[in-house]
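# Chain and residue survey
In case you want the letters, here they are:
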Amino acid sequence: MFFIVYYPYQVTIAARDDVPFFGPSMPTPAIFDAGPEFREFLLTKLINAEQACYKAERFAKLEVKYISSDKHSFFVQVYSVSCKA
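Residues numbered from 1 in each chain as written. Predicted model: local features only at pLDDT ≥ 70, side-chain atom pairs only at ≥ 80, totals over all residues. Heavy atoms only, no water.

## Here we look at a nonpolar patch on the surface
This is how the line gets drawn: Each patch is built from residues that are more than 30% exposed by relative accessible area and take part in no salt bridge. Like charges join if they lie within 9 Å; nonpolar side chains (Val, Leu, Ile, Met, Phe, Trp, Tyr) join within 5 Å. All accessibility values rest on the Shrake-Rupley procedure with a 1.4 Å probe; residue burial counts only the protein chains present in the view. The working definition used for a salt bridge is a side-chain nitrogen of Lys or Arg within 4 Å of a carboxyl oxygen of Asp or Glu. Runs of H or I in DSSP of at least four residues are treated as helices and runs of E of at least two as strands, each being numbered from the N terminus.
A surface patch of nonpolar side chains, amounting to about 330 Å² of accessible area, comprises Phe2, Ile4 and Tyr6. Take Phe2: it is sitting in strand β1 (residues 2–6).

Below is the structure:
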């Protein structure tokens, strides 16, 4: 996922094909004035982009792998502490 912001605040977004659509929709043309509306739009778009990436197939597989690994590490750590007690 790439967000490119040119001056004067022209926004371009590129994402992998497996990343689902995320809002808010880009206006046409995607040129903004400086101010709180642009800030709110960009922050919302970035947060929604992150959440959409987690739904992409590639990231979902990594998340499952990480969670499984993390749970395994937790149980090994708990077991080693309980065996010392």
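## Observations concerning the nonpolar core
Threshold: Throughout, nonpolar core names a set of buried Ala, Val, Leu, Ile, Met, Phe, Trp, Tyr and Cys residues whose side chains join them through atoms within 4.5 Å. Only protein chains enter the accessibility calculation, which uses a 1.4 Å probe. A residue is then buried if its area is under 20% of the maximum for its type, exposed if over 50%, and partly exposed in between.
Judged by nonpolar contacts, Val19, Phe22, Ala49, Ala52, Cys53 and Ala56 together constitute the single largest core of six residues. Of all hydrophobic cores here, the second largest spans five residues; its members include Val11, Phe38, Phe41 and Leu42.

## Overview of the pairing of β1
Inclusion rule: Pairing between strands is defined by DSSP: at least two bridges between the two strands are required.
In terms of strand pairing, β1 meets strand β2 (residues 10–14) through five bridges, oriented antiparallel. When the sheet's bridge partners are listed, Phe3 is paired in β2 with Ile13. Here β1 folds back onto β2, and the loop between the two strands holds three residues, one of which, Tyr9, carries a positive phi near 55°.

## Things to note about the packing of aromatic side chains
What counts is decided by this rule: Two rings belonging to Phe, Tyr or Trp (six-membered ring only in the last case) form a pair when the distance between their centres is within 6.5 Å. Interplanar angles under 30 degrees mark stacking, angles over 60 mark edge-to-face geometry, and anything in between is tilted.
If you walk through the whole model with that rule in mind, you get three aromatic pairs. Taken together, a centroid distance of 5.1 Å and an interplanar angle of 40° make the contact between Phe32 and Phe38 tilted. Grouping residues by exposure puts Phe32 and Phe38 together as buried. Put simply, the rings of Tyr9, Phe32, Phe38 and Phe41 pair up and form one aromatic cluster.

## Some remarks on unusual backbone geometry
Geometrically, the link from Gly23 to Pro24 is a cis peptide bond, its omega value of -5° lying close to zero. Examined against the element boundaries, Pro24 turns out to sit in the loop between β2 and α1 (36–55). One non-glycine residue, Tyr9, lies in the positive phi region at around 55°. Along the chain, Tyr9 turns up in the loop between β1 and β2.

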